[in-house]
Amino acid sequence: VLSQNARAASEKASQVAQSGWSGLMSLYSSGASMIEATAKANGYQVDLGSQSAQQMAYSSSVQQGANGGGYEQLGDGGMN
């Protein structure tokens, strides 16, 4: 039972980390895109990688969706 709980907790932690990383990449993509657009409007050519960050964030969120996500009960929920 302990190893099952540890495995479930490990999987949940992995999902949370993946979700956090996807969120950070999405935030970076949005900010970089705004800076690139402002630079372009002022005659500068700036590439901060907003397009590749957006693709990475999207692929991370798609992968997370394929893994199920959501909530699950760990162990017997205290009902011995």
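Residues numbered from 1 in each chain as written. Predicted model: local features only at pLDDT ≥ 70, side-chain atom pairs only at ≥ 80, totals over all residues. Heavy atoms only, no water.

Caption draft 1: Broad picture of the overall build of the protein. Each helix and strand counted, the protein has 2 helices and 0 strands in total. By the burial criterion, 16% of the 80 residues in the protein qualify as buried. (Helix = DSSP H or I, 4+ residues; strand = E, 2+ residues; numbered from the N terminus. Buried < 20%, exposed > 50% of the residue type's maximum accessible area, 1.4 Å probe, protein only.)

Caption draft 2: Representation of the confidence of the model for the protein within the structure. Averaged over every residue, the pLDDT of the protein is 79; residues scoring 70 or more account for 74%. Per-residue pLDDT stays below 50 along residues 69-73; that stretch engages in 5 contacts with residues further than four places along the chain or on separate chains. (pLDDT = per-residue confidence, 0-100. Contact = heavy atoms within 4.5 Å.)

Caption draft 3: Fine view of the side chain of E36. By the element assignment, E36 lies in helix α1 (residues 2-41). Buried and without a salt bridge, E36 has K40 as its closest oppositely charged side chain, separated by 9.4 Å. Here L48 takes part through its backbone nitrogen, which lies 2.6 Å from a polar atom of the side chain of E36. Within the local environment of E36, its side chain forms a polar contact with the side chain of S50, the two groups lying 2.6 Å apart. Excluding anything up to four places from it in sequence, E36 contacts V46, D47, L48, G49 and S50. (Lys, Arg positive; Asp, Glu negative; His and termini not counted. Salt bridge = Lys/Arg side-chain N within 4 Å of Asp/Glu carboxyl O. Polar contact = N/O pair within 3.5 Å; in protein donor to acceptor, adjacent residues only side chain to side chain.)

Caption draft 4: Main features of α1. Taking 1.5 Å per residue as the helical rise, α1 with its 40 residues ought to reach 58 Å, and the 58 Å between its terminal C-alpha atoms agrees with that figure. Residues of α1 that are buried include every one of A8, Q15, S22, M25, S29, A32, E36 and A39, and no others. (Expected span 1.5 Å × (residues − 1).)

Caption draft 5: Summary view of the environment of Q54. Secondary-structure assignment places Q54 in helix α2 (residues 50-66). With relative accessibility at 45%, the residue Q54 sits in the partly exposed group.

Caption draft 6: Highlighting a nonpolar patch on the surface. Together, Y28, I35, Y44, V46 and L48 give the surface a local cluster of nonpolar side chains, amounting to about 480 Å² of exposed area. As for its placement among the helices and strands, L48 is situated in the loop between α1 and α2. The class of L48 is partly exposed, set by a relative accessible area of 34%. (Patch = residues over 30% accessible without salt bridge, like charges linked within 9 Å, V, L, I, M, F, W, Y side chains within 5 Å. Areas by Shrake-Rupley, 256 points an atom, 1.4 Å probe, with all protein chains shown as cover.)

Caption draft 7: Molecular detail of the environment of A32. Inspection of the secondary structure assignment puts A32 in helix α1. Residues A32 and D47 lie 15 residues apart in sequence; the distance between their C-alpha atoms is 8.3 Å. Among all residues touching A32, those that are not within four sequence positions of it are L48 and S50.

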